[in-house]
Amino acid sequence: MSTTSRIVAFLAVAGLLIGIALTYEQYRGTGLSRVPIMGAGLHASVPGSPGGPPVASSAPSNVVGAPAPTFEPTPAPAIADELTLYPTVTKGMRTPFDLWRYYGRGTTSFTSPVLPMRFGQWLEFHRKQKPKLMEDVRAYMNGRYAFSGEVLPGVFMSGGKPVMRGPVARVPASVGSFEALAKMSAAEIRAEGVFPYMPVAHPLQSTAHMVFPESWIAEHPEHRRIDVDMDFPEAYLPEFPPPLFLTTHKELGDVTNGEEVTIDNYYEIFDGLLTPEQMEGLKELLRPSPTTWFNHTSHRVTEEPSQGVACFDCHVNGHTNGAFELGPDARPNMARLRVDTPSMRGNYNLMQLSSKRSIRSMDHFAEVEEYFDGDPGMQQAIGPRAVKREVTNRMADFNSIIDYPPAPKLDPLMRLRPDLASEQELRGEALFHGKAKCSACHYGPAFVDDYMHDLQVERFYVGRPEGPIKTFPLRGIKDTPPYLHDGRAPTLHDAVEFFNLVLELRLSKSEKDDLVAYLLCL
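Nothing here was measured: the structure is a model prediction, and the numbers come from that model.

Draft legend 1. Fine view of the pairing of strand S3 (residues 151-156). As judged from the two bridges shared by S3 and strand S4 (residues 162-164), these two strands associate in the antiparallel manner. The residue of S4 that forms the bridge with Phe-156 is Pro-162. Taken together, S3 and the strand that follows it, S4, pair antiparallel across an intervening segment of five residues, in which Gly-160 is found at a positive phi of about 110°.

Okay, here's the thing in structure tokens:
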């Protein structure tokens, strides 16, 4: 090769490297490299678009030789034009509280077991960040909700904890009341930005994972996180410990006698009540397993190494303690929806067992909940649960005998007994099956249709559509605050207000109170 050829080749390579470097610097640290392929990539397949097939003539099809007609595709709404790209963050960094306003894609679908810094630095980083983070979290939540601590007189959960009065979501001063808000159209509410039930994000969604309430942490300090705490007041969460009812021993009522079931006491409580297979399943529900952030490695959010988390750490006594996590069914992490822990009560009557994923059996659900984050690749770093199919089946066998709490005012067909129900409760039942449209999705012995529904709530605010989400059963509903999949409705009154707006029911204030009175009977 001549000297001239070598110089040309060198300059070409140098120019390429400089171009790559400049491009890298332009995109590094921004969301530009993670924009979903929405524009040209999809548009190219639309008839008539650049690079796509031509649009045929609109000549009548009965004319010999006329080109076949085609339909003009309906353009997708430009939702992304109103949204902001996800910020570039790494594990542990603060994320916006209004993540519903953001969109984009992650750099990868897979989780790395490597922290962005040494563990000692990780601890120090969160010691400095957490106090201000939680101060901002509390201010944000108090800006959205008026947590007055007011209870419903004489109304208690199945174990005796008072039920809170609502609604507690704040209506903007420019509107004045929920009744005035309900008179506005969805478009007006969206344009003025006055919808009180926007989604709730994880306070630290870059790390995410489960956050336990203070009542649980008081008994299990090993689960206190170094980076974030519960953001809902204890009064607005389920009671701890909750009663445990069995379909096989209804005569006993709460079989725990007010105790939390643990790996240490389960044998004493249940020996002679369960079959050997059910005992084995309960033991597995109580056995801790390493998870993405609760484990023995340095990739953790506890100060000391952790044994992990058991199913009954969140589903305490087969119910729920109100811990929250992110749904494992999407990436990036900031696109995942916050999900509260649902109750396991009455799962024997359900065929839809996950908020977003279509999981249709209890043993399948026990099997796939490996690390709650949906990343089996983490097994290489923290170890697999190694739960075989016959073991998950036994876990499901115990799950399948957890009963709902008693509802003495309901007859065998789940209708109110007129001799036991009040006039207000009976009015609420009529609304439930009529004007309020509740029974369109909530019917049968569990008051649920076992489908997913898309409520299209983004009609009321500028945000990323959440899509179809599982319908939750209403039996025993007074025991499971806060409501909706992410807890955005802290009380039953808030849940009624939410659906009054979203379904445009135009319920009066007295009708809403009647409906709550009925729900408390379930």
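Draft legend 2. Quick peek at the environment of Val-211. With respect to the helices, strands and loops of the structure, Val-211 is situated in the loop between helix H5 (186-192) and helix H6 (214-219). For the pair Val-211 and Gly-322, spaced 111 residues apart in sequence, the C-alpha to C-alpha distance is 8.9 Å. Apart from the residues lying within four places of it in its own chain, the contact partners of Val-211 are His-202, Arg-225, Val-228, Asp-229, Met-230, Ala-323 and Phe-324.

Draft legend 3. Expanded view of helix H12 (residues 389-399). All of the buried residues along H12 are Val-391, Thr-392, Met-395, Ala-396, Phe-398 and Asn-399. Angular distribution of buried residues about the axis of H12 spans 160°; they occupy a single face of the element.

Draft legend 4. Structural detail: the environment of Glu-259. The topology assignment puts Glu-259 in the loop between strand S5 (245-246) and helix H7 (266-270). The spacing of Glu-259 and Pro-242 is 17 residues in sequence and 8.2 Å in space, taken between C-alpha atoms. Leaving out residues up to four positions away in the same chain, Glu-259 has contacts with Pro-241, Asn-265 and Asn-317.

Draft legend 5. Molecular detail of the packing of helix H8 (residues 276-286) against H12. Interaxial distance between H8 and H12 falls to 7 Å at its minimum, and their mutual angle equals 100°. Between H8 and H12, the angle falls in the class roughly perpendicular. Between H8 and H12, the contacting residues are Glu-277, Gln-278, Glu-280, Gly-281, Leu-282, Glu-284 and Leu-285 on the first element and Val-391, Asn-393, Arg-394, Met-395, Asp-397 and Phe-398 on the second. Split by residue class, the contact of H8 with H12 holds five nonpolar, three polar and five charged.

Draft legend 6. Representation of unusual backbone geometry within the structure. Of the consecutive residues Phe-240 and Pro-241, the connecting peptide bond is found in the cis state with omega at -10°. Topologically, Pro-241 is positioned in the loop between H6 and S5. Residues other than glycine seldom take positive phi values, yet Ala-208 does so here, at roughly 65°. Relative to the helices and strands, Ala-208 is located in the loop between H5 and H6.

Draft legend 7. Inspection of the side chain of His-493 at higher detail. Along the chain, His-493 turns up in helix H14 (residues 492-502). Within the structure, the side chain of His-493 is placed 3.2 Å from the backbone nitrogen of Gly-166, a separation counted as a polar contact.

Draft legend 8. Seen up close, the pattern of salt bridges. According to the stated counting rule, one finds 27 salt bridges in the structure shown. A salt bridge links Glu-511 to Lys-435; the shortest N-O distance between them is 3.0 Å. In this pair, Glu-511 sits in helix H15 (residues 509-519) while Lys-435 sits in the loop between helix H13 (423-432) and strand S9 (452-453), placing the two residues 76 residues apart along the sequence. Classification of Glu-511 by relative accessible area gives buried; the value is 18%. Sharing partners across several salt bridges, the network here consists of Lys-130, Glu-214, Arg-224 and Asp-229.

Draft legend 9. Spatial organisation of empty space enclosed by the protein. A complete count under the given rule lists five cavities of 30 Å³ or more for this structure. Pro-199, Val-200, Arg-336, Leu-337 and Arg-464 are the residues nearest the centre of the largest cavity, which is lined by 14 residues in total. Broken down by class, the residue content of the lining of the largest cavity amounts to seven nonpolar, two polar and five charged. Estimated volume of the second largest cavity: approximately 70 Å³. Lining the second largest cavity, in full, are Met-157, Val-163, Met-164, Ala-235, Tyr-236, Lys-478, Pro-481, Tyr-483, Pro-490, Thr-491 and Leu-492. Split into classes, the residues belonging to the lining of the second largest cavity amount to nine nonpolar, one polar and one charged.

Draft legend 10. Summary view of the environment of Glu-423. With respect to the helices and strands, Glu-423 occurs in helix H13. Through-space distance from the C-alpha of Glu-423 to that of Asp-514 is 9.0 Å; in sequence the pair is 91 residues apart.

Draft legend 11. Representation of the side chain of Asp-486. Residue placement: Asp-486 occurs in the loop between strand S10 (469-470) and H14. Classification of Asp-486 as buried rests on a relative accessible area of 1%. A distance of 3.1 Å separates a polar side-chain atom of Asp-486 from the backbone nitrogen of Val-200. A distance of 2.9 Å separates polar atoms of two side chains, one belonging to Asp-486 and the other to Arg-488. Residues contacting Asp-486, with those up to four places away along its chain left out, are Pro-199, Val-200, Arg-338, Asp-340 and Glu-466.

Draft legend 12. A look at the nonpolar core. Leu-181 and Phe-195 are the most contacted members of the largest nonpolar core, which totals 38 residues. It is helix H3 (residues 119-144) that contributes the most residues to this core, four residues altogether. Residues contacting Phe-195, with those up to four places away along its chain left out, are Ile-189, Val-457, Phe-460, Tyr-461, Phe-498, Leu-501 and Val-502. Counting 30 residues, the second-largest nonpolar core is a separate cluster that includes Leu-410, Leu-416, Ala-495 and Val-516.

Draft legend 13. Main features of the state of the cysteines. Going through the model one piece at a time under the given rule, you end up with zero disulfides. No disulfide involves Cys-311; its sulfur sits 8.9 Å from that of Cys-314, the nearest cysteine. The exposure class assigned to Cys-311 is partly exposed, which follows from its relative accessible area of 22%.

Draft legend 14. Examining H15 more closely. Counting buried positions over the eleven residues of H15 gives eight, a clear majority of the element. When we look at burial in H15, the residues that qualify are Glu-511, Lys-512, Asp-514, Leu-515, Val-516, Ala-517, Tyr-518 and Leu-519. Looking at the buried positions of H15, the neighbouring elements they touch are helix H4 (178-182), H13 and H14.

Draft legend 15. The packing of H13 against H15, seen in detail. Two elements in contact, H13 and H15, have axes separated by 7 Å at closest approach and are oriented at 100°. It follows that H13 is roughly perpendicular to H15 by the angle criterion. Here H13 contributes Gln-424, Glu-425, Arg-427, Gly-428, Glu-429, Leu-431 and Phe-432 to the contact with H15, which in turn contributes Glu-511, Asp-513, Asp-514, Leu-515, Ala-517, Tyr-518 and Leu-519. Of the residues that constitute the contact of H13 with H15, the class distribution is six nonpolar, two polar and six charged.

What counts, and at which threshold
Residues numbered from 1 in each chain as written. Predicted model: local features only at pLDDT ≥ 70, side-chain atom pairs only at ≥ 80, totals over all residues. Heavy atoms only, no water. Pairing = 2+ DSSP bridges. Helix = DSSP H or I, 4+ residues; strand = E, 2+ residues; numbered from the N terminus. Contact = heavy atoms within 4.5 Å. Buried < 20%, exposed > 50% of the residue type's maximum accessible area, 1.4 Å probe, protein only. Arc of directions from axis to C-beta. Axes fitted to C-alpha atoms, helices over the stretch in contact; angles between N-to-C directions. Parallel < 35°, antiparallel > 145°, perpendicular 65-115°, else oblique. Nonpolar A, V, L, I, M, F, W, Y, C, P; charged D, E, K, R; others polar. Polar contact = N/O pair within 3.5 Å; in protein donor to acceptor, adjacent residues only side chain to side chain. Salt bridge = Lys/Arg side-chain N within 4 Å of Asp/Glu carboxyl O. 1 Å grid on protein atoms, 1.4 Å probe; cavity = no way out; pocket = protein on both sides within 12 Å on 5 of 7 lines; lining within 4 Å. Points joined across faces, edges and corners; volume = space filled by probe spheres on them. Core = buried A, V, L, I, M, F, W, Y, C linked by side-chain atoms within 4.5 Å. Disulfide = S-S within 2.5 Å.

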